[in-house]
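A structural walkthrough
Chain by chain, the residues:
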Amino acid sequence: MTGTKIALVSGGSRGIGRAIVLRLAQDGFDVSFCYRSAEGPAAQLVKEARQFGGRMLPVRADVTRGEEMRAWVARAEEELGPIDAVVTSAGITRDGPLVLTEEADWDEVMRTNLGGVYHLCRAAVFGMMKRRSGCIITISSVSGIYGNAAQTTYSASKAGIIGFTRALAKEVGGRGVRANVVAPGLIDTDMTDKLSERARQRLTEATALGRFGRPEEVAELVAFLASDRAAYMTGSVVEIHGGIAI
Ligand code: NDP
């Protein structure tokens, strides 16, 4: 045991999750992150995080599978130590007007965005409760608070994350475990790369700061919530959206 803090980040290989991995590593955490399939970005991230000197444990594991989340948590605790922070960033979109959506897309979004949060928190929280310390940070979205046209499925999954996290905060607060939600607006990642130029223009204009956010800006907030500086924060939904939702 090293005394270093240990963090787990789902969907850590790309985008917001990747920035969170680097930011937590910079803060001195040893970090294990999971990803679904992209080996290349995961390996590149491990290389980049080396500058911070902490241990990194990349694991290919699918958040929709409970057994893979349990195995990941067990392996991280065995190889790195007791988990102090869990960040759930793995997520997908299957956008489109409700009348055009497919049931399979609904299932996949729910299983990934909401089921993934359930499986990882279910696997990790008992250890935190026993140690009477730890924090969980779930990544929702402004879509989960305000709704977004052509994102009924995604918005429902992200709203579910808020209900889940607040319920968990009430359940485990007495055991010294905190749970908070981060709800980003539009952030420049592969996820938003899919937007048409027209949509991007419209959304940029609708944002008070006149630009999309950077993954590092979300990671900064997550690092704060994962630190003792946020010791009195639990059950909060913290929005970070450059003024698109005001
Ligand atoms: P990206 O598409 O850039 O990255 C998604 C990450 O999640 C990848 O690492 C991917 O792994 C991983 N992932 C996806 N499905 C699974 C799965 N089944 N099991 C394990 N890992 C999985 O997304 P963003 O960084 O943009 O989004 C991160 C989170 O932030 C999501 O929850 C998203 O909903 C939320 N968000 C994003 C916003 C944005 O504007 N970008 C705005 C608001 C919220 P792999 O590389 O292997 O595919």
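Everything that follows concerns the structure shown earlier in this document.
Here's a quick rundown of the structure. (Residues numbered from 1 in each chain as written. Predicted model: local features only at pLDDT ≥ 70, side-chain atom pairs only at ≥ 80, totals over all residues. Heavy atoms only, no water.)

Right, let's talk about the overall build of the chain for a bit. Counting its secondary structure elements, the chain contains nine helices and seven strands. In terms of overall dimensions, the chain is globule-like: its C-alpha atoms have a radius of gyration of 17 Å, near the 18 Å expected for 246 residues. Over its C-alpha atoms, taken along the principal directions, the chain stretches across nearly 50 × 40 × 35 Å. The long-range fraction of contacts in the chain, counting pairs at least 24 apart against all pairs at least 6 apart in sequence, stands at 73%. As presented, the chain carries roughly 11,900 Å² of accessible surface, and 51% of it is formed by carbon and sulfur atoms. With 30 positive and 28 negative side-chain charges, the chain shows a spacing of 4 Å between the two charge centroids. (Helix = DSSP H or I, 4+ residues; strand = E, 2+ residues; numbered from the N terminus. Rg over C-alpha atoms; globule rule 2.2 N^0.38 Å. Contact = heavy atoms within 4.5 Å. Areas by Shrake-Rupley, 256 points an atom, 1.4 Å probe, with all protein chains shown as cover. Lys, Arg positive; Asp, Glu negative; His and termini not counted. Charge placed at Lys NZ, Arg CZ, Asp CG, Glu CD.)

Now for the site of the ligand. Taken together, 30 residues are adjacent to the ligand, and S13, R14, S37, Y154 and T189 come closest. Separating an oxygen atom of the ligand from a backbone N or O atom of A38 is a distance of 2.9 Å. I187 has a polar backbone atom sitting 2.8 Å from an oxygen atom of the ligand. Here the ligand loses 96% of its free accessible area of 900 Å² to cover by the protein chains. For the shell around the ligand, the elements supplying multiple residues, two or more each, are helix 1 (15-26), helix 6 (152-172) and helix 7 (190-193). A per-class count over the shell around the ligand returns 13 nonpolar, twelve polar and five charged. (Near = heavy atom within 4 Å. Polar contact = N/O pair within 3.5 Å; in protein donor to acceptor, adjacent residues only side chain to side chain. Nonpolar A, V, L, I, M, F, W, Y, C, P; charged D, E, K, R; others polar.)

At R132, a position not held by glycine, the phi torsion is positive, near 55°. In this fold, R132 is placed in the loop between helix 4 (103-131) and strand 5 (134-139). Backbone geometry places A150, a non-glycine residue, at a positive phi of 65°. Here A150 lies in the loop between helix 5 (142-146) and helix 6.

Attention shifts here to the environment of R23. As for its placement among the helices and strands, R23 is situated in helix 1. On the basis of relative accessibility, which here comes to 15%, the residue R23 falls in the buried class. Residues R23 and V218, spaced 195 residues apart in sequence, show a C-alpha to C-alpha distance of 9.9 Å. When residues no more than four places from it in sequence are discounted, the contact partners of R23 are A219, E220 and A223. (Buried < 20%, exposed > 50% of the residue type's maximum accessible area, 1.4 Å probe, protein only.)

Before going further, it helps to spend a moment on the side chain of S140. Assignment of secondary structure puts S140 in the loop between strand 5 and helix 5. A relative accessible area of 2% places S140 in the buried class. Within the structure, the side chain of S140 is placed 2.9 Å from the backbone oxygen of K158, a separation counted as a polar contact. When neighbours within four sequence positions are excluded, S140 is seen to be in contact with K158, I161, I162, V181, V182, A183 and P184.

Ranked by internal contacts, the top residues of the largest apolar core, which has 33 residues, are I20, L24 and F33. Sorting the residues of this core by element identifies strand 1 (6-10), helix 1, strand 2 (30-35), helix 2 (39-49), strand 4 (85-88), strand 5 and helix 9 (215-226) as the ones contributing at least two each. Here F33 is in contact with V9, G12, S13, V21, A42, L45, V46, M56, L57, P58, V59 and W72, once residues within four sequence places are set aside. Ranked by size, the runner-up nonpolar core spans 29 residues in total, among them L57, V73, V125 and L168. (Core = buried A, V, L, I, M, F, W, Y, C linked by side-chain atoms within 4.5 Å.)

Pairing between side chains becomes possible if they bear opposite charge and their charged atoms approach one another. If you walk through the whole model with that rule in mind, you get 15 salt bridges. Note that R65 is salt-bridged to E68, the shortest N-O span being 3.7 Å. A relative accessible area of 41% means that R65 is categorised as partly exposed. The residue R94 makes a salt bridge to D105 at a minimum N-O spacing of 4.0 Å. Taken together, the residues R94 in the loop between strand 4 and helix 4 and D105 in helix 4 connect sequence positions eleven residues apart. Given a relative accessible area of 29%, R94 falls into the partly exposed group. For D105, a relative accessible area of 25% corresponds to the partly exposed category. What you see here is one network of salt bridges that share partners, running through R23, D27 and E220. (Salt bridge = Lys/Arg side-chain N within 4 Å of Asp/Glu carboxyl O.)

In short, geometric facts, not functional conclusions.
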